[in-house]
Amino acid sequence: MALSGRMDGASLQCLLFLTSLLCCRTAQARLTVSPSSSQMFEGDSVSLSCEEDDSSAGWRLWRKTAKQTRAECGAGWGRSAGSSCLIGHIVPLDSGVYWCESREGATSNIINITVTGGSVILQSPVLPVMEGHDVTLHCKTKTTPSNLPAAFYKDGSLIRTEPTGHMTIHHVTKSDEGLYKCNISSDGESPPSWITVTGESLTTDPPSDSAPPPTTDSSLLTFSLLHLVVLCPYFISTVLMVSLYRHRPTGNHLPVSMVMTPPTQAEQGLDDDDDDVTTEHHF
């Protein structure tokens, strides 16, 4: 019986632990941009989307530009459509950093977008490039074909000139990280774009004035307990009800207070004697 009680207690603890995992899982999202480029021509149409694993988290697009400290999509810029945002006619003032943010303050990766009124852009990755991967840079013009010869620069120094207008860097390393730009002699030069090389998948924090405070071990524990107690009452009550049901008394096992002990023979004899006693009255 004691072993069964210990097993029931262990099962209850296991169920509560699994419940906390289900209720307290941190939602995540990944920001994507279409067309996939860190540079845009003025007048382009741009779509940004939060690829989310939890649609109930309420992910929304935010940005920070030189003119705005922090603004949500639909509040003076873009057209919001749930967890996506469309900019129908992008302008240089839209240059800045963009990210997704949930109602609880969780954030996605950030994307740096540069909008130019010029005629040349450098199409480069909007996300960090993994070490060992290949990366291709395209030098594009707004009005002429994109296969014009282009010169590519890194940190102000010429790398090489490509006759087709695009350059591939094979098996990138940390030494390939830097500021890139391109130049087409007949059309001009692109703005510079920084290319990050990383050995692991990174989620870059949004600008400091909008970033949530760092999560410590103690705050994470408090956050998890808060979710368990506040957000999971249904699961917890269900587990407790099941536990109480399994320990309920059955018809064949009455509680101690209900068990009746039959009278002993001696007690029965005393009762019979009392019935035979007659009372004498002396006058």
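The protein appears in an unreviewed UniProt entry as Fc receptor-like protein 5 isoform X1 from Lates calcarifer.

Participant: Any chance you could explain the sheet that holds strand S12 (residues 135-141) here in plain terms?
Facilitator: The pairing of strands in a sheet comes from backbone hydrogen bonds and takes either a parallel or an antiparallel form. Pairing within the open sheet is antiparallel, and its 3 strands lie in the order S10-S12-S15. The strands lining the two open edges of the sheet, one partner per strand, are strand S10 (120-123) and strand S15 (166-169). Direction aside, neighbouring strands of the sheet carry axes that sit 15° apart on average. As judged from the 4 bridges shared by S10 and S12, these two strands associate in the antiparallel manner. Paired with Leu122 across the two strands is Cys139, which belongs to S12.

Participant: Could you clarify how one ought to interpret the state of the cysteines in this entry?
Facilitator: Put plainly, a disulfide is one covalent bond tying together the sulfur atoms of two cysteines. Going through the model one piece at a time under the given rule, you end up with 3 disulfides. Between the sulfur atoms of Cys50 and its disulfide partner Cys100 the distance amounts to 2.1 Å. The sign of the S-S torsion, about -105°, decides the handedness of the disulfide formed by Cys50 and Cys100: left-handed. Highlighted residues: Cys50 in strand S3 (residues 46-52) and Cys100 in strand S8 (residues 96-101), separated in sequence by 50 residues. Like Cys100, Cys50 is buried. Disulfide pairing is shown between Cys139 and Cys182; the S-S distance is 2.1 Å. Looking down the S-S bond of the Cys139 and Cys182 bridge, the torsion is 85°, so its handedness is right-handed. Taken together, the positions of Cys139 in strand S12 and Cys182 in strand S16 (residues 178-184) put the pair 43 residues apart, joining distant regions of the chain. We note that Cys139, like Cys182, is buried.

Participant: Before we go on, may I ask you to explain the nonpolar core in this structure?
Facilitator: Across soluble globular proteins, nonpolar side chains have a tendency to be buried as a group. Judged by nonpolar contacts, the single largest core of 22 residues is most densely connected at Val33, Leu48, Leu61, Trp77 and Ile113. Those residues within four positions of Ile113 in sequence are excluded, and the remaining contacts are Val33, Ser38, Met40, Leu48, Ile90, Ser95, Gly96 and Tyr98. Of all hydrophobic cores here, the second largest spans 16 residues; its members include Val129, Cys139, Phe152 and Cys182.

Participant: So what exactly am I meant to see when it comes to the pattern of salt bridges here?
Facilitator: Where charged atoms from two side chains of opposite charge approach closely, those side chains can pair. Taken as a whole and judged by the stated rule, the model has 7 salt bridges. Across the pair Asp94 and Arg63 runs a salt bridge whose closest N-O atoms are separated by 2.7 Å. On the criterion of sequence distance, the pair formed by Asp94 in the loop between strand S7 (84-87) and S8 and Arg63 in strand S4 (residues 60-65) is long-range, its members being 31 residues apart. Each member of the pair, Asp94 as well as Arg63, is classed as buried. Between Glu189 and Lys181 there is a salt bridge, and its shortest N-O distance comes to 3.3 Å. On the basis of relative accessible area, Glu189 is assigned to the partly exposed category, the value being 43%.

Participant: What is the right way to look at the environment of Gly118 in this model?
Facilitator: Its place among the elements puts Gly118 in the loop between strand S9 (107-116) and S10. Assessed through its relative accessible area of 34%, Gly118 is described here as partly exposed. Each C-alpha atom of the pair Gly118 and Gly188 lies 8.0 Å from the other, and the pair is 70 residues apart in sequence.

Participant: Whenever I open this one, the packing of aromatic side chains confuses me. Can you help?
Facilitator: Any pair of aromatic rings gets described here by the distance separating the centres and the angle formed by the planes. Under the criterion given, the structure shown has 1 aromatic pair. Judged by centre distance (5.5 Å) and plane angle (80°), the rings of Trp77 and Tyr98 are edge-to-face. Of the two residues, Trp77 sits in the loop between strand S5 (71-72) and strand S6 (79-81) while Tyr98 sits in strand S8, which places them 21 residues apart along the sequence. Residue classification places Trp77 among the buried positions, given a relative accessible area of 4%. Lying over the aromatic face of Trp62, Arg70 brings its terminal NZ or CZ to 4.0 Å of the ring centre. Sitting above the plane of the Tyr153 ring, Lys181 keeps its charged end 5.7 Å from the centroid.

About the cut-offs
Residues numbered from 1 in each chain as written. Predicted model: local features only at pLDDT ≥ 70, side-chain atom pairs only at ≥ 80, totals over all residues. Heavy atoms only, no water. Pairing = 2+ DSSP bridges. Helix = DSSP H or I, 4+ residues; strand = E, 2+ residues; numbered from the N terminus. Axes fitted to C-alpha atoms, helices over the stretch in contact; angles between N-to-C directions. Disulfide = S-S within 2.5 Å. Buried < 20%, exposed > 50% of the residue type's maximum accessible area, 1.4 Å probe, protein only. Core = buried A, V, L, I, M, F, W, Y, C linked by side-chain atoms within 4.5 Å. Contact = heavy atoms within 4.5 Å. Salt bridge = Lys/Arg side-chain N within 4 Å of Asp/Glu carboxyl O. Phe/Tyr/Trp six-rings, centres within 6.5 Å; stacked < 30°, edge-to-face > 60°. Lys NZ or Arg CZ within 6 Å of the ring centre and 35° of its normal.

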